[in-house]
Amino acid sequence: METAREGAPLEVRPSTRAYAVWLIALAAYTVAVFQRASLGVAAVEAQERFSAGASAISLFLVLQLAVYAALQVPVGVALDRFGSRRMILAGALTMAAGQFVLALAGDVPTATVARILVGAGDAMTFISVLRVVSLWFPGRTVPLVTQLTGILGQVGSIVAAYPLVALLHGTSWQATFLGAAATGVLVAVLVLVALRDAPDGTQPAPVAGLHELRGNLTASWREPGTRIGLYTHLVTQFSGTVFALLWGYPFLVVGEDRSPAVAAALLTLLVVVGMGVGPLLGRLCGRWPLRRSVLVFGILGATASVWTVVLLWPGRAPLPLLVALVVVLGTNGPGSMIGFDYARTENPAERLGSASGVVNVGGFVAALLTILAVGIVLDLLTPGASTDYGLDAFRAAFSVQYVFWAVGLVGVLRHRRQLRARLARDGVVLAPLLVAARARLRGTSAYR
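Parameters and conventions
- Residues numbered from 1 in each chain as written.
- Predicted model: local features only at pLDDT ≥ 70, side-chain atom pairs only at ≥ 80, totals over all residues.
- Heavy atoms only, no water.
- Core = buried A, V, L, I, M, F, W, Y, C linked by side-chain atoms within 4.5 Å.
- Buried < 20%, exposed > 50% of the residue type's maximum accessible area, 1.4 Å probe, protein only.
- Contact = heavy atoms within 4.5 Å.
- Phe/Tyr/Trp six-rings, centres within 6.5 Å; stacked < 30°, edge-to-face > 60°.
- Helix = DSSP H or I, 4+ residues; strand = E, 2+ residues; numbered from the N terminus.
- Axes fitted to C-alpha atoms, helices over the stretch in contact; angles between N-to-C directions.
- Parallel < 35°, antiparallel > 145°, perpendicular 65-115°, else oblique.
- Left-handed = near helix turned anticlockwise from the far one by under 90°.
- Expected span 1.5 Å × (residues − 1).
- Salt bridge = Lys/Arg side-chain N within 4 Å of Asp/Glu carboxyl O.
- 1 Å grid on protein atoms, 1.4 Å probe; cavity = no way out; pocket = protein on both sides within 12 Å on 5 of 7 lines; lining within 4 Å.
- Points joined across faces, edges and corners; volume = space filled by probe spheres on them.
- Nonpolar A, V, L, I, M, F, W, Y, C, P; charged D, E, K, R; others polar.

(A) Molecular detail of the nonpolar core. Within the largest apolar cluster, 117 residues are counted, with the highest numbers of intra-cluster contacts made by F50, W173, F243, F251 and W307. Apart from the residues within four sequence positions on either side, F251 is in contact with F243, E256, W307, V310, L322, L391, F394 and F398. In terms of nonpolar packing, the next biggest core, distinct from the first, is built from five residues, M337, F340, A355 and V359 among them.

(B) Looking closely at the packing of aromatic side chains. Under the counting rule described, the total for this entry stands at 16 aromatic pairs. Ring geometry for Y29 versus F126: centroids 5.0 Å apart, planes at 40°, classification tilted. With a gap of 97 residues between them, Y29 in helix α1 (residues 16–37) and F126 in helix α7 (residues 126–136) connect regions that are remote in the sequence. For the pair shown, Y29 and F126 are each scored as buried. Look at F238 and W405: their rings are 5.9 Å apart centre to centre, the planes differ by 50°, and that puts the pair in the tilted class. You can see F238 sitting in helix α12 (residues 224–255) and its partner W405 sitting in helix α19 (residues 401–425), a full 167 residues away along the chain. The same class applies to F238 as to W405, namely buried.

(C) Molecular detail of the packing of α1 against helix α9 (residues 155–170). Where α1 meets α9, the closest approach of the two axes is 7 Å, and the angle between their N-to-C directions is 50°. The orientation of α1 relative to α9 falls into the category oblique. Between α1 and α9 the crossing geometry is right-handed. Where α1 abuts α9, its residues T30, V33, F34 and A37 lie against V155, G156, S157, V159, A160 and L164.

(D) Focus on α19. Helix length check: α19 (25 residues) gives 37 Å between terminal C-alpha atoms against 36 Å at 1.5 Å per residue, within 8%. Regarding α19, the residues found buried are Q401, F404, W405, G408, G411, V412, H415, L419 and L423. The first or second residue beyond α19 is G427, which carries a positive phi of 90°.

(E) Fine view of the pattern of salt bridges. As enumerated under the stated definition, the model contains six salt bridges in all. Of the charged contacts, one joins E346 and R422 as a salt bridge, the two residues approaching to 2.9 Å between their closest N and O atoms. Pair noted here: E346 is in helix α16 (residues 332–346) and R422 is in helix α19, with a separation of 76 residues, a long-range link. Relative accessible area serves as the criterion here: at 7%, E346 is assigned to the buried category. Judged by its relative accessible area of 25%, R422 falls in the partly exposed class. Beyond isolated ion pairs, a larger network of salt bridges with shared partners links E223, R292, D341, E346 and R422.

(F) Spatial organisation of the layout of surface pockets. Roughly 180 Å³ of volume is contained in the second largest pocket. Forming the walls of the second largest pocket are 16 residues, and the residues nearest its centre are L290, R292, E346, L419 and L423. Of all the secondary structure elements, the ones that give two or more residues to the lining of the second largest pocket are α14 (292–312), α16 and α19. The element that contributes the greatest number of residues to the lining of the second largest pocket is α19, accounting for five residues. Looking at the lining of the second largest pocket, its residues break down into eight nonpolar, one polar and seven charged.

As structure tokens, then:
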């Protein structure tokens, strides 16, 4: 297990070229987030265009996320062989092809194929960008730049919430998604011209053989740190993802009777909160590496609590309560990054890829199952093929979240006990949290 050391000497500062290369990779990731979120803000229009119910629209995104999750490990293997530049390029072009198909689609099967392509391209992007960061930046700088990558990439959600919605309302479905496809092509050209895998003279790690890959996957899965990372990613990520990607906008506009402008502003607030919370959580994880589960429980408790108030509120929720909801949901994305930190500190370097792939599956599987369940419940509680879902139908649909919160909580608790038992065998016994906090303030040991 990695041990943080205070007072370590500072490493060489990143070069200007490193930041330039990172900005190109960041632009590719931002566009990937935009492509990923584009259907969520157009869910109502999609139902009208394809004459489809909520469950069918959910299926688009479920398949998109399923492809994303299923490709994490295969993409990691391909990334080691072909490098970030080729994978990001392939991802951008694949997503552009998906948006092009969606622009011309007139039926549910064709639209489904389009979103599968978007999911496949999206799967190639994020971990490829992280590899760029790891090869271009000094080791002590990598965690900060990684956090900034995840935060700034969410600007793509803002672009989806404002310019894309404005274009959709001002022009047509076809023009809007052809424009989205063109954006992907432009990014692909930028990556092809200016992005490089690593600084000149850098030798990437050798590609692992199939036997070694299987061994790494098995060892990663057996590691309690990987599993607590998976359940951390699951329990903290899915609620915010479901809200931001698909069902938040219809819930606010149709269920809570808010204007499209207010709904877009609330979704933007969710992203902005995430940008502010991410660095704070990163700093807390660095200072309290053995107390990361406290942050996980705090995020879970806040999320479940505010959702409970919203779902039990008599009538439509007041705007301040909806603001509180999206503020709490804004912590979900940064909170899920704690799962990757568990994988990083509890696995040796040669297993980080497979461990991160396992962690990344957790939240997306829970999100896609929740998205599908919400759509099914809405259709069951709404007569005919109507898309005019009542507030009670939304309340019942969003209640499925409690199942996944319970699963995630049990998983985190179980594997935290395993990690702490291993620490105890090594002679490290955690003091109660309040005792540790007082010790930190006095500058004394937090352990006994």
